[in-house]
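The primary structure of each chain is shown beneath.
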Number of protein chains: 2
Amino acid sequence: MALDYDALNENVKKCQYAVRGELYLRASELQKEGKKIIFTNVGNPHALGQKPLTFPRQVVALCQAPFLLDDPNVGMLFPADAIARAKHYLSLTSGGLGAYSDSRGLPGVRKEVAEFIERRDGYPSDPELIFLTDGASKGVMQILNCVIRGERDGILVPVPQYPLYSATISLLGGSLVPYYLDESENWGLDVNNLRQSVAQARSQGISVRAMVIINPGNPTGQCLSEANLREILRFCYNEKLVLLGDEVYQQNIYQDERPFISAKKVLMDMGSPFSKEVQLVSFHTVSKGYWGECGQRGGYFEMTNIPPRVVEEIYKVASIALSPNVSAQIFMGLMVSPPKPGDISYDQFARESKGILESLRRRAKIMTDGFNSCKNVVCNFTEGAMYSFPQIRLPPGALQAAKQAGKVPDVFYCLKLLEATGISTVPGSGFGQKEGVFHLRTTILPAEEEMPEIMDSFKKFNDEFMTQYENNFGYSRM
Amino acid sequence: MALDYDALNENVKKCQYAVRGELYLRASELQKEGKKIIFTNVGNPHALGQKPLTFPRQVVALCQAPFLLDDPNVGMLFPADAIARAKHYLSLTSGGLGAYSDSRGLPGVRKEVAEFIERRDGYPSDPELIFLTDGASKGVMQILNCVIRGERDGILVPVPQYPLYSATISLLGGSLVPYYLDESENWGLDVNNLRQSVAQARSQGISVRAMVIINPGNPTGQCLSEANLREILRFCYNEKLVLLGDEVYQQNIYQDERPFISAKKVLMDMGSPFSKEVQLVSFHTVSKGYWGECGQRGGYFEMTNIPPRVVEEIYKVASIALSPNVSAQIFMGLMVSPPKPGDISYDQFARESKGILESLRRRAKIMTDGFNSCKNVVCNFTEGAMYSFPQIRLPPGALQAAKQAGKVPDVFYCLKLLEATGISTVPGSGFGQKEGVFHLRTTILPAEEEMPEIMDSFKKFNDEFMTQYENNFGYSRM
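Remember, it's a predicted structure, so these values are computed and weren't measured experimentally.

**Q** Summarise unusual backbone geometry; cite the residues concerned and give the values.
**A** Outside of glycine, negative phi angles account for most residues, and trans bonds account for most peptide bonds. A cis amide bond links Asn215(A) with the next residue in sequence, Pro216(A), at an omega value of -10°. The amide bond that connects Asn218(B) to the next residue, Pro219(B), takes the cis arrangement and shows omega of 10°. With respect to the helices and strands, Pro219(B) occurs in the loop between strand E5 (207-214) and helix H10 (226-239). A positive phi is found at Trp187(A), a non-glycine position, where the angle reads about 60°. Following the sequence through the fold, Trp187(A) ends up in the loop between strand E4 (175-180) and helix H9 (191-203).

**Q** Could you give an account of the relation of the copies chain B and chain A, naming the residues involved and the relevant values?
**A** Superposition of chain B onto chain A requires a rotation of 180° combined with a translation of 0.0 Å along the rotation axis, giving an RMSD of 0.0 Å. A rotation of that kind, with that shift, is consistent with a two-fold axis. Closest approach to the rotation axis among the C-alpha atoms of chain B is made by Ala61(B), whose C-alpha sits 2.1 Å away. A high fraction, 100%, of the interface residues of chain B reappear at the interface in chain A, so the copies pair face to face through one surface.

**Q** Kindly report on the environment of Asn186(A), identifying the contributing residues and their values.
**A** Within the secondary structure layout, Asn186(A) lies in the loop between E4 and H9. Not counting residues within four places of it along the chain, the set of residues in contact with Asn186(A) comprises Gln222(A), Asn380(A), Phe381(A) and Glu383(A).

**Q** Please provide a residue-by-residue account of the UniProt feature "domain: Aminotransferase class I/classII large" (unreviewed entry) in chain A, values included.
**A** Per the UniProt record, "domain: Aminotransferase class I/classII large" (unreviewed entry) is found at residues 81-456 of chain A. Summarising residues 81-456 of chain A: 44% helix, 15% strand, and an end-to-end C-alpha distance of 45 Å.

**Q** Lay out the sheet that holds strand E10 (residues 387-388) of chain A in plain terms, naming residues and giving numbers.
**A** The pairing of strands in a sheet happens through backbone hydrogen bonds and is either parallel or antiparallel. Residue and element names in this part refer to chain A. In space, the three strands of this open sheet follow the order E10-E14-E13, with antiparallel pairing throughout. Two strands in the sheet have a free side with no partner beyond their single neighbour: E10 and strand E13 (426-427). Taken together, the two bridges between E10 and strand E14 (residues 440-443) define a ladder with antiparallel strand orientation. Residue pairing for E14: Tyr-387 is matched across the bridge by Thr-443.

**Q** Describe the interface of chain B and chain A, with residues and values.
**A** Put simply, an interface is often sized by how much accessible area is lost when its parts join up. On the chain A side, the residues contacting the 94 residues of chain B number 94 residues. Scanning the region where chain B abuts chain A turns up two salt bridges. For Lys138(B), the salt bridge goes to Asp134(A), with nearest N and O atoms at 3.7 Å. For the side of chain B that touches chain A, the secondary structure elements donating two or more residues are helix H1 (10-14), helix H2 (22-32), helix H3 (54-64), helix H4 (74-77), helix H7 (136-147), helix H8 (164-171), helix H13 (308-320) and helix H14 (326-336) of chain B. The element contributing the most residues to the side of chain B that touches chain A is H13(B), with eight residues.

**Q** Tell me about the pairing of strand E7 (residues 280-285) of chain A, residues and numbers included.
**A** Residue and element names in this part refer to chain A. With respect to burial, E7 is a largely interior element, six of its six residues being buried. Every second residue of E7 is oriented toward a common face, with Leu-280, Ser-282 and His-284 on one face and Val-281, Phe-283 and Thr-285 on the other, all of them buried. Relative to E7, strand E6 (residues 242-246) runs parallel, the two sharing four bridges. In the sheet register, Gly-245 faces E7, and the bridge partner there is Ser-282. Summarising the sheet, E7 and strand E8 (residues 299-304) pair through six bridges and their orientation is antiparallel. Pairing of His-284 across the sheet is with Tyr-300, part of E8.

**Q** Mind laying out the domain arrangement of chain A, listing which residues take part and the relevant values?
**A** Residues and elements named next belong to chain A. You can read the domains of chain A as domain 1 (5-36 + 357-469) and domain 2 (92-336). Taken residue by residue, the interface counts 30 residues in domain 1 and 34 residues in domain 2. For the pairing of domain 1 and domain 2, the buried interface totals around 2,800 Å² over both sides, and the portion due to carbon and sulfur atoms is 54%. Here domain 1 is connected to domain 2 by two salt bridges. One salt bridge in this structure joins Arg-258 and Glu-383, with 3.6 Å as the shortest N-O distance. One can count 14 residue pairs in polar contact (both at pLDDT 80 or more) joining domain 1 with domain 2. Contributing elements (two or more residues each) for the side of domain 1 that touches domain 2: helix H1 (10-14) and helix H15 (346-372).

**Q** How would you explain the pairing of strand E2 (residues 130-133) of chain B if you had to name every residue and give the values?
**A** All names here are of chain B. Residues of E2 alternate between two faces, with Ile-130 and Leu-132 on one and Phe-131 and Thr-133 on the opposite face, all of them buried. Both E2 and strand E8 (residues 299-304) contribute to a ladder of four bridges, which runs antiparallel. The residue of E8 that forms the bridge with Phe-131 is Phe-301.

**Q** Just give me the short version of the nonpolar core, but keep the residues and values in it.
**A** Where a protein is soluble and globular, its nonpolar side chains tend to be buried together. Counting residues in each nonpolar core, the largest one holds 262 residues, and the members touching the most others are Leu3(A), Phe78(A), Tyr413(A), Leu3(B), Phe78(B) and Tyr413(B). With sequence-adjacent residues up to four places away left out, Leu3(B) is seen in contact with Ile143(A), Cys146(A), Val147(A), Val242(A), Gln279(A), Val281(A), Ile306(A), Pro307(A), Val310(A) and Leu8(B).

**Q** Lay out H15(A) with the relevant residues and their values.
**A** All names here are of chain A. Across its 27 residues, H15 extends 39 Å between first and last C-alpha, which sits within 8% of the 39 Å expected from 1.5 Å per residue. Along H15, the positions that sit buried rather than exposed are Phe-349, Ser-353, Ile-356, Ser-359, Leu-360, Arg-363, Ala-364, Met-367, Thr-368, Gly-370 and Phe-371. Packing partners of the buried residues in H15 comprise helix H3 (54-64), strand E9 (377-378), E10, E14 and helix H18 (451-469).

**Q** Give a detailed account of the side chain of Ser327(A), specifying residues and quantitative values.
**A** Topologically, Ser327(A) is positioned in helix H14 (residues 326-336). One polar contact links Ser327(A) to Asn325(A), side chain to side chain, over a distance of 3.3 Å. Residues contacting Ser327(A), with those up to four places away along its chain left out, are Val60(A), Gln64(A), Leu97(A), Gln64(B) and Ser327(B).

**Q** Talk me through the side chain of Asp102(A); I want residue IDs and the actual numbers.
**A** By secondary structure assignment, the location of Asp102(A) is in the loop between helix H5 (80-92) and helix H6 (107-121). Engagement of the side chain of Asp102(A) in a polar contact is seen with the side chain of Tyr315(A), the distance being 2.8 Å.

**Q** Before we move on, can you summarise the pattern of salt bridges with the specific residues and values?
**A** Per the stated rule, a full pass over the model turns up 50 salt bridges over all chains. With a shortest N-O distance of 2.8 Å, Glu302(B) and Lys264(B) are connected by a salt bridge. Taken as a pair, Glu302(B) in strand E8 and Lys264(B) in helix H11 (residues 263-270) lie far apart in primary sequence, 38 residues in all. For the pair Glu302(B) and Lys264(B), a shared accessibility class is recorded, and that class is buried. Salt-bridge contacts for Glu313(B) lead to Lys316(B); the nearest nitrogen and oxygen are separated by 2.9 Å. Pair noted here: Glu313(B) and Lys316(B) are both in helix H13, with a separation of three residues, about one helical turn. A relative accessible area of 11% means that Glu313(B) is categorised as buried. In the salt-bridge network here, residues are joined through shared partners; they are Asp102(A), Arg104(A), Arg110(A) and Glu128(A).

**Q** Give a detailed account of the packing of aromatic side chains, specifying residues and quantitative values.
**A** Residue and element names in this part refer to chain A. Within the structure shown, the criterion is met by 32 aromatic pairs over all chains. Where Phe-465 meets Tyr-469, the ring centres are 4.7 Å apart and the plane angle is 55°; that geometry is what we call tilted. With Phe-465 and Tyr-469 both in helix H18 and four residues apart, the pair spans about one turn of that helix. Overall, the relative accessible area of 13% leaves Tyr-469 in the buried class. By the ring-pair criterion, three or more aromatic residues cluster together here, those being Phe-412, Tyr-413, Phe-461, Phe-465 and Tyr-469. Across the ring face of Tyr-5, the terminal group of Lys-13 is positioned such that the distance to the ring centre comes to 4.5 Å.

**Q** Could you give an account of H5(A), naming the residues involved and the relevant values?
**A** All names here are of chain A. For H5, with 13 residues, the first-to-last C-alpha span of 19 Å sits near the 18 Å given by 1.5 Å per residue. When we look at burial in H5, the residues that qualify are Asp-81, Ala-82, Ile-83, Arg-85, Ala-86, Tyr-89 and Leu-90. Elements in contact with the buried residues of H5: H3, helix H4 (74-77), H6 and H14.

**Q** Got a sec to walk through the packing of helix H17 (residues 409-421) of chain A against H18(A)? Specific residues and values, please.
**A** Residue and element names in this part refer to chain A. Running from N to C, H17 and H18 point in directions that differ by 130°, and their axes come no closer than 10 Å. Considering their axes alone, H17 and H18 lie oblique with respect to each other. The interaxial crossing formed by H17 with H18 has right-handed handedness. Within the contact between the two elements, H17 uses Phe-412, Tyr-413, Lys-416, Leu-417, Ala-420 and Thr-421 and H18 uses Ser-457, Phe-458, Phe-461, Asn-462, Phe-465, Met-466 and Tyr-469. Each residue belonging to the contact of H17 with H18 can be placed in one class, and the counts come to nine nonpolar, three polar and one charged.

About the criteria used
Residues numbered from 1 in each chain as written. Chains lettered and ligands numbered in written order. Predicted model: local features only at pLDDT ≥ 70, side-chain atom pairs only at ≥ 80, totals over all residues. Heavy atoms only, no water. Helix = DSSP H or I, 4+ residues; strand = E, 2+ residues; numbered from the N terminus. Least-squares fit on C-alpha atoms with pLDDT ≥ 70 in both. Contact = heavy atoms within 4.5 Å. UniProt positions renumbered as here; feature names shortened; annotations may be inferred. Pairing = 2+ DSSP bridges. Salt bridge = Lys/Arg side-chain N within 4 Å of Asp/Glu carboxyl O. Buried < 20%, exposed > 50% of the residue type's maximum accessible area, 1.4 Å probe, protein only. Domains from an automatic or database assignment. Buried area = accessible area lost by both parts, 1.4 Å probe. Polar contact = N/O pair within 3.5 Å; in protein donor to acceptor, adjacent residues only side chain to side chain. Core = buried A, V, L, I, M, F, W, Y, C linked by side-chain atoms within 4.5 Å. Expected span 1.5 Å × (residues − 1). Phe/Tyr/Trp six-rings, centres within 6.5 Å; stacked < 30°, edge-to-face > 60°. Lys NZ or Arg CZ within 6 Å of the ring centre and 35° of its normal. Axes fitted to C-alpha atoms, helices over the stretch in contact; angles between N-to-C directions. Parallel < 35°, antiparallel > 145°, perpendicular 65-115°, else oblique. Left-handed = near helix turned anticlockwise from the far one by under 90°. Nonpolar A, V, L, I, M, F, W, Y, C, P; charged D, E, K, R; others polar.

What follows is the structure, encoded as structure tokens:
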């Protein structure tokens, strides 16, 4: 029958999603058995104790319970600016949070997003070219669905990459064309590598149609420089590639000398013909930044140089699932227009946001330093995003033991780490790896006060593991 | 470039979604121009003034603002049972509404859904076989994605059907195999028709793999009888078809003599070999019923006789988009375990629910009677769901005028209706039609007190339209 394993759509079977793969499943089992698990496999800040920002939660709670707005006691629990904002957002809906919105999202929120982009980049943004989505992932899937027609359509994806891309490309039956980020250059992007990747794909009959950048990088944490973005956009122009800019970590920046610069801004700065021709889709979310509202599932994408007829097609496909959830649309509105100085809630909002961001900055450093103190582990500093991606140089004895256990070496290492310490990571092979090179990804999200203990526990496991498997045959190559 | 119209994935271009098609777009334009529009194109109760149920909104508001639970004044705005429930649901999350849940949904809510199904059907239900989704549509798309491998894979879909099915099948590149519901038998399903449809599809090289039933029917409003369900399940058993049971309107029942019976219950009643072999996936939602929480995007599906390995594959694909939104998961929990007699909020909850349901029942009757009083309009009674689907017998003059305007006849009629009255409907052709037969779909959701005026306005338009175009050449055939 159609839902027997042998009869399933092969593309479904082919796709892999390591962030919730073997390691996650084993960690869930161990948790059920009573073991304390530190879930650093996915960027899920609230699950690791990060408190939600108060003001947006007040506003959305009031939108969920609009009858409170008429209650004379409402002021005892909610500040006046939250009440005013809730009324504002309810006025943008056509029936509150329980009514479907337009399939592109509420027009009023899309206008607020456009204003945010204009302030950020200094260039106009059109609300009609902004679609709200149930998280950024859903937006990426919608756009790739338009681009991919079959197995000969290729998408350039960084390696290491976030497996949303590899999984979605498999599911849609396209071809992933890898380009390698350079670990020795702090995970920088070399346009020569891109050219080689495209040439090689073409020699295999693949028509390369789009390129993905993740900036700041996931899992690699680097911020692309303006010069680098310029090269990428010029490359897309020359090769007629759609650029998908995954910019969901744009608020997660930990080095003042490496700010986030949007692909849209660089493209507009470049002027004609680039600014009028390069097709760009940029993605953002309420799940990351200092918001971390993952469970709300809110995101948007902005389209640049996409013809109106195609925008209509994307609208049509979005409409099949009716509308993104409305409460997350309001979170998006709040994220792009947070309290301003002088507002009642401003001080608290600023204090909470700053507290989270500064702690993330400190945690990025504790984690990088911790990894670099371990035997056979080297780790670039996390400039942005919320991950650390140390390289684990596995001794031949470990490779052999992994082979005997029937595991990929980094999976073998991460499983041992999980069993010994409860730390649930993602093996680097889940993100793509150069042959013979091994990494793992952890988030930098565990609570700051627990971080030293976690890193001690990691170091103890790692150094014992290395000693156990070390012998005279050298290491896996850098 | 890949996002030029000519270069798009053809399946994207092919798919049609009439519920938000030409009529909806024109209605939105007219609304912008200041015209009062009555949006009956989509089952969106809150957009037409239905008030949300108070208790679930209180609970979810508290979950959004968990800091209120520690506020000594919380009892001034929220009843004690809402507070207790909010604590209960927060305890089922791993970090509140801002944390991703398991990709299948919160285990604790899936358990509550299983208990609901057990109470409803009298048979065990396994939470591990229940997945929560961002609305039922997303669940349907996930399952069809597993079933459809290419254009030779066929899915049996009722005609008239809800265009989610036709659009998704197009998008996934499969083949829709229509079976016709019988208007003269109150939209009943004749298994002989099914056999003919399957035989015809097979003669064209289509491998029929699954069958969709919508019960209660959308747009047709009928409830399938137990005997009919039994025949369908036997047919699926014999033909080795997966049955997709779209049961999202199971709470919307307007005739006591035609209750809703789930496909799962009938299958279990049938016993071995059927109950052990027929693959069934049943869908439900928080968007319909007397809840109407469309904008929250909450749904579930339950799998019966799906092998564990396939359940894992479906889990893997669900995990690519991380998790359904968590607040709608809590709405689902509340829907399947509403306040009980004796609870503080029970009386209010029961009064509100009953009020909505009884009003829908009255509105179904006002609308059917209204349509049947119009010239050249005949309409079956709405037994369930939230739609009315009158047949419009268009005179030849109207067919000719439509042709001249370059419109499908029912689109022509519905556009004229919209311009004249502001009533935004969906032409029957969007749901599939027998050749030469025309309908329109409206929801029964406009406010009860406005209903007589709306029906008067409809009748006035229709009767003038018919008089204008009527001549001696007869009507479109019944």
